[in-house]
Amino acid sequence: MRSRAFLCLALSYGSALVRACGGHGHEVREWTQEELDELERRWGHEWGFSGISTFAHLPYYKCLTTPNELFDIAIIGAPFDTAVSYRPGARFGPRAIRAASARQTSFRGYNPRANINPYANWAKILDCGDIPVVPVDNAMALKQMTAAFTELGARPPVSPLLSKPKLITLGGDHSLSLPALRAIHELYGPVRVLHFDAHLDTWHPAKYPSYWASEQSQFTHGSMFWMAGEEGLLSNRSGAPSVHAGLRTRLSGTEDWDDDDAQNWLRISADDVDDLGTRGIVDSIMGALGTEDPVYLSVDIDVLDPAFAPGTGTPEPGGWTTRELIRILRGVEGLNLVGADIVEVAPAYQGNGEETALAAAQVVFELLSSMVKKGLGEMGKTGQVVDDAPAKEEL
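A brief look at the structure comes next. (Residues numbered from 1 in each chain as written. Predicted model: local features only at pLDDT ≥ 70, side-chain atom pairs only at ≥ 80, totals over all residues. Heavy atoms only, no water.)

### Quick word on the sheet that holds strand β8 (residues 336–343)
Okay, step 1: With respect to topology, eight strands assemble into an open sheet ordered β2-β1-β3-β8-β7-β4-β5-β6, the strand pairing being parallel. Only two strands of the sheet have a single neighbouring strand rather than two, namely β2 (125–130) and β6 (265–269). Taken over all neighbouring pairs, the strand axes of this sheet differ in orientation by 15° on average, direction set aside.
Okay, step 2: Of the pairings in the sheet, the one linking strand β5 (residues 242–247) to β6 comprises five bridges and is parallel in character. What sits directly across from Val-243, in β6, is Leu-266.
Okay, step 3: Along the sheet face, helix α4 (residues 93–100) touches β1 (73–78), β2, β3 (166–171) and β8 and points at about 105° away from the line of β3.
Okay, step 4: In this fold helix α8 (residues 255–262) packs onto β5 and β6, with an angle of close to 130° to the strand it touches most, β6. (Pairing = 2+ DSSP bridges. Helix = DSSP H or I, 4+ residues; strand = E, 2+ residues; numbered from the N terminus. Axes fitted to C-alpha atoms, helices over the stretch in contact; angles between N-to-C directions. Contact = heavy atoms within 4.5 Å.)

Laid out in structure tokens, this is it:
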């Protein structure tokens, strides 16, 4: 008996031997699909407060180490915050956003604003975990994130509706947009950006004066779009600008606008919503970006007023409400989104009610809704959903 147990332990790598030796001599049961379906019906449901904390209770895979697990849209975390210029803490953003998404489920994921349930439709959506970004070397972190985004973006999608999968990144500080754009450039060439933020983030690195400046110090959460422009990652066609929306920050001077103009950006201020309304903001964005060119959408949570999103690194009074941002995101659903991020959620500064992370989780839900709905539109089925049951009230 002892020799048999030793043999089974030593040779347990083979599946046949596992079956023969498993259970100390007991035969392994073969489960029928009907029995498995019954187990799923009994025990598969999760309430919002139960289960492991993945985004919206989505299936979790560490996609960077499971290349055979394909997806159409991936939620990927980038817990990195050492390129900030003020308050750190956004490395805990992915964890907080996932926790705040707990009430999003496929069972009650119907979005009445978009008329679609993104979690019960054509797209296979996975939570792909986090990039294990090194926290002590920004140069290496930049290489890591670029390699990870490139690897995931090059995977084949599951659905024939897509030629390439899409990534939505949970930040992390805003510098992660640079490696994301580097990866997207490999797939699409120069793209256009829709950038929701209180700040320009096209600052020339020299605008951060320091006797101790270095080449690596150019890479910050306020210079990454300037670097992207310098690297040719963004469209520089005069009739095809990128767009900032929600701006209200202090400047070094009007020369900051000159640098921004040179990078081919259109600016929409936070105050414009008072004169134009959300519809006017949407019209300005869609008039500039259209529906055909590939667009990367980046949301810095500080586009919201600190009353609605205090948990962020560089808060600026006078921002938009959460409802205004949602209305605008719904209005731009016709964009050809090739990727997106939600960044600068620093949960240490938010209240006990998780208002900042909740807003970020809602942003992801709206972006998923738009991506899935856009896919349906391309097959002439806009407004149709796989699960066409009427919307239900949340418990």
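### Some thoughts on helix α11 (residues 355–378)
Okay, step 1: Between its terminal C-alpha atoms α11 stretches 35 Å, which fits the 34 Å expected from 24 residues at 1.5 Å a residue.
Okay, step 2: Burial within α11 is extensive, with 18 of its 24 residues counted as buried. (Expected span 1.5 Å × (residues − 1). Buried < 20%, exposed > 50% of the residue type's maximum accessible area, 1.4 Å probe, protein only.)

### Observations regarding the packing of aromatic side chains
Okay, step 1: Applying the stated criterion across every chain, the model contains five aromatic pairs.
Okay, step 2: Arranged with centres 6.4 Å apart and planes meeting at 5°, the rings of Trp-47 and Phe-49 form a pair that is stacked.
Okay, step 3: Both rings, one in Phe-196 and one in Trp-320, keep their centres 6.4 Å apart while their planes meet at 65°; by these two values the pair is edge-to-face. In this pair, Phe-196 is assigned in strand β4 (residues 192–196) and Trp-320 in the loop between β7 (294–300) and α10 (322–331), connecting sequence segments 124 residues apart. The residues Phe-196 and Trp-320 share a single accessibility class, namely buried.
Okay, step 4: The ring of Trp-31 carries the charged tip of Arg-29 above its face, separated from the ring centre by 3.9 Å.
Okay, step 5: A cation sits over an aromatic face here: Arg-87 above Tyr-349, 4.1 Å from the ring centre. (Phe/Tyr/Trp six-rings, centres within 6.5 Å; stacked < 30°, edge-to-face > 60°. Lys NZ or Arg CZ within 6 Å of the ring centre and 35° of its normal.)

### A closer look at the environment of Leu-167
Okay, step 1: Among the secondary structure elements, Leu-167 is positioned in strand β3.
Okay, step 2: In sequence terms Leu-167 and Asp-72 are 95 residues apart; their C-alpha atoms lie 8.6 Å from each other.
Okay, step 3: Setting aside residues no more than four positions away along its own chain, Leu-167 makes contact with Phe-71, Ala-74, Ile-76, Phe-149, Leu-152, Gly-153, Gly-339 and Ala-340.

### Some thoughts on the pattern of salt bridges
Okay, step 1: A full pass over the atoms with the stated rule returns 19 salt bridges.
Okay, step 2: Here Asp-81 and Arg-91 are joined by a salt bridge, their closest N and O atoms 2.9 Å apart. Remark: Arg-91 occurs in the loop between β1 and α4 and Asp-81 occurs in the loop between β1 and α4; sequence separation between them is ten residues.
Okay, step 3: Relative accessible area serves as the criterion here: at 32%, Arg-91 is assigned to the partly exposed category.
Okay, step 4: The shortest N-O distance in the salt bridge between Arg-98 and Asp-127 comes to 2.8 Å. A residue pair is termed long-range when its members are at least 10 positions apart, and Arg-98 in helix α4 and Asp-127 in strand β2 qualify at 29 residues. Asp-127 carries the same exposure label as Arg-98, and that label is buried.
Okay, step 5: Because the salt bridges share partners, they merge into one network encompassing Arg-113, Arg-330, Glu-333, Glu-366 and Lys-373. (Salt bridge = Lys/Arg side-chain N within 4 Å of Asp/Glu carboxyl O.)

Limitation: the analysis is restricted to geometry and does not speak to function.
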